[in-house]
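Given next are the chains, with one letter for each unit.
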Amino acid sequence: MIDLFSDTQTRPTDGMREAMARAVVGDEQSDSDPTTLDLCARVADLLGLEAGVFMPSGTMCNLVSVLVQTRPGDEIVVDDQSHIFNTEAAGAAAIAGVSVAALKTPAGVYTPEAFEAAIRPPARTAPRSALVSIEQTTSFSGGSVWALPDMRRIRDIAHARGLRAHIDGARLLNAVAATGIAARDYAQGFDSAWIDLSKGLGCPVGAVLCGKSDFITEAWRWKYRLGGAMRQSGILAAAGLYALDHHVAQLGRDNAHAALLRDRIAGAPGLAIEAGAAQSNILCFSVEPLGVTAPDFAKACLAHEVRVRAIGTHQIRATTHLEVDEAGILRAAAVIRAEAERLFAARA
């Protein structure tokens, strides 16, 4: 099986499993798990922020960031294809009690001007704009990489207008691999940011949320409210440390594999690929010209042991990761292209 459904499909490597087995552990609740403390300090340093807290998931990182930096009745600004808006079970609304202003974007990237226009003027009858979130890279918009100047302009506009600025950094390190810009440069001046460990880095679980020390103190409080500490979390944190030592270089190869897949299926009849697709490790394309739905196209590929993800009526997403090598990408491209040609011929 060539599994391009998501980079969350990765499994721990043998080396990672060994590191987890050897982990020195304590009790996370009392700040006495040394491996977890090492991981949090390392990610905070990577992002150039003061402190970090280990979370079970990136979804919890986003939710806690909203909970700390808003109050019920506030509004947050995101893009309309963002993870916060689409695939977090409306946690921001259900738990934090905030409304979401989702800006319509072509590829998950809105302009500083569009953001500023979305900030509500003070009014007793309107929610208070409190937080803006940038998803770097975009998840359901083809892995678009935000330009650093635009991120900084949005950050500065937010602060000037009294909002906090947050980075959903699930695949931030893929952006680093794509651009050569350091993670700390992307995160500079933002109030909160996090990286996921369970996607391209290949860990079984976990993410690290970072910010100023007082932000992390409040983030810990919300972590308790949402489920508590993870006790001997060093077993999981050891996987994160191993990934930072051994898997970061892989992210550049994953990005290159997405571009290779794009190039190999480009021009196939009935596949519509946007210009600039595959900026990182995600490739999105439409099968609408084939006259079939994305779920049906994905099912046809799966019959040949190539798994892609339908993310809409006609949109397909393929995500590269460390478990798919170049040979796997070439095989996946051959299957996708062959199915497009078969369906196109059948339609004719």
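Refer to the preceding data block for the structure.
Every value quoted in this text rests on a predicted model; they were computed, and no experiment measured them. (Residues numbered from 1 in each chain as written. Predicted model: local features only at pLDDT ≥ 70, side-chain atom pairs only at ≥ 80, totals over all residues. Heavy atoms only, no water.)

**A short note on the packing of aromatic side chains**
Throughout the structure, instances matching the rule amount to three aromatic pairs. The interplanar angle of 40 degrees and the centroid separation of 5.3 Å between the aromatic rings of tryptophan 220 and tyrosine 224 together place this pair among those described as tilted. In this pair, tryptophan 220 and tyrosine 224 both sit in helix α10 (residues 213-225), four residues apart, roughly one turn of the helix. Each ring, one from phenylalanine 285 and one from phenylalanine 297, has its centre 6.3 Å from the other, and the planes form 85 degrees; the classification is edge-to-face. One end of the pair, phenylalanine 285, is in strand β9 (residues 282-286); the other, phenylalanine 297, is in helix α13 (residues 294-302), and twelve residues separate them in sequence. Each of the two residues, phenylalanine 285 as well as phenylalanine 297, counts as buried. Across the ring face of tryptophan 222, the terminal group of arginine 225 is positioned such that the distance to the ring centre comes to 4.5 Å. (Phe/Tyr/Trp six-rings, centres within 6.5 Å; stacked < 30°, edge-to-face > 60°. Helix = DSSP H or I, 4+ residues; strand = E, 2+ residues; numbered from the N terminus. Buried < 20%, exposed > 50% of the residue type's maximum accessible area, 1.4 Å probe, protein only. Lys NZ or Arg CZ within 6 Å of the ring centre and 35° of its normal.)

**Focus: the environment of serine 213**
Counting through the fold element by element, serine 213 comes out in helix α10. Under the relative-accessibility criterion, serine 213 is labelled partly exposed at 38%. Between the C-alpha atoms of serine 213 and leucine 49, which are 164 residues apart in sequence, the distance is 8.7 Å.

**Topic: the pairing of strand β8 (residues 207-211)**
The element β8 is largely enclosed, with a buried count of five among its five residues. In β8, alternate side chains face the same way, and those of Ala207, Leu209 and Gly211 on one face and Val208 and Cys210 on the other are all buried. Pairing of strand β2 (residues 51-55) with β8 involves five bridges; the strand directions are antiparallel. Bridging from a neighbouring strand, methionine 55 pairs with alanine 207 of β8. (Pairing = 2+ DSSP bridges.)

**Digging into the sheet that holds β2**
Taking strand neighbours across the sheet as the criterion, the seven strands line up as β2-β8-β7-β6-β5-β3-β4 in an open arrangement whose pairing is mixed. On the outer flanks of this sheet lie β2 and β4 (99-103), each paired with one strand and no other. The mean inter-strand angle of the sheet, taken between neighbouring strand axes irrespective of direction, is 20 degrees. (Axes fitted to C-alpha atoms, helices over the stretch in contact; angles between N-to-C directions.)

**Quick notes on helix α7 (residues 148-160)**
Relative to the 18 Å expected for 13 residues at 1.5 Å per residue, α7 spans 18 Å between its end C-alpha atoms, a close match to the ideal helical length. Buried within α7 we find Leu148, Met151, Ile154, Arg155, Ile157 and Ala158. Contacts made by the buried residues of α7 are with α6 (112-118), β5 (129-135), β6 (164-168) and α9 (183-187). Looking one or two residues past α7, glycine 162 carries a phi angle of roughly 85 degrees, positive in sign. (Expected span 1.5 Å × (residues − 1). Contact = heavy atoms within 4.5 Å.)

**So, the state of the cysteines**
Applying the stated rule across the entire model yields zero disulfides. Its sulfur unpaired, cysteine 40 is 7.2 Å from the next cysteine sulfur, which belongs to cysteine 210. Relative accessible area serves as the criterion here: at 9%, cysteine 40 is assigned to the buried category. There is no disulfide at cysteine 301, and the cysteine sulfur nearest it, in cysteine 284, is 14 Å away. Residue class for cysteine 301 comes out buried when judged on its relative accessible area of 0%. (Disulfide = S-S within 2.5 Å.)

**Considering the sheet that holds strand β11 (residues 309-310)**
Pairing is antiparallel in the open sheet, where three strands are placed in the order β9-β12-β11. Where the open sheet ends on each side, the last strands, each with one partner, are β9 and β11. Looking at chain direction, β11 and strand β12 (residues 315-319) are connected through two bridges and run antiparallel. Its bridge partner being in β12, alanine 310 is matched across the sheet by isoleucine 316. Lying on the sheet, helix α12 (residues 248-265) is in contact with β9 and β12; it crosses β9 at an angle near 25 degrees. Contacts from α13 reach β9, β11 and β12 within the one sheet, and its direction differs from that of β12 by about 45 degrees.

**What to know about the side chain of threonine 36**
Note that threonine 36 resides in helix α2 (residues 34-47). For threonine 36, a relative accessible area of 4% puts it in the buried group. Of note is the side chain of threonine 36, whose polar atom sits 3.3 Å from the backbone nitrogen of glycine 234. Those residues in contact with threonine 36, other than ones at most four positions away along the chain, are Glu28, Phe54, Ser233, Gly234 and Ala237. (Polar contact = N/O pair within 3.5 Å; in protein donor to acceptor, adjacent residues only side chain to side chain.)

That's the geometry; what it means functionally is another story.
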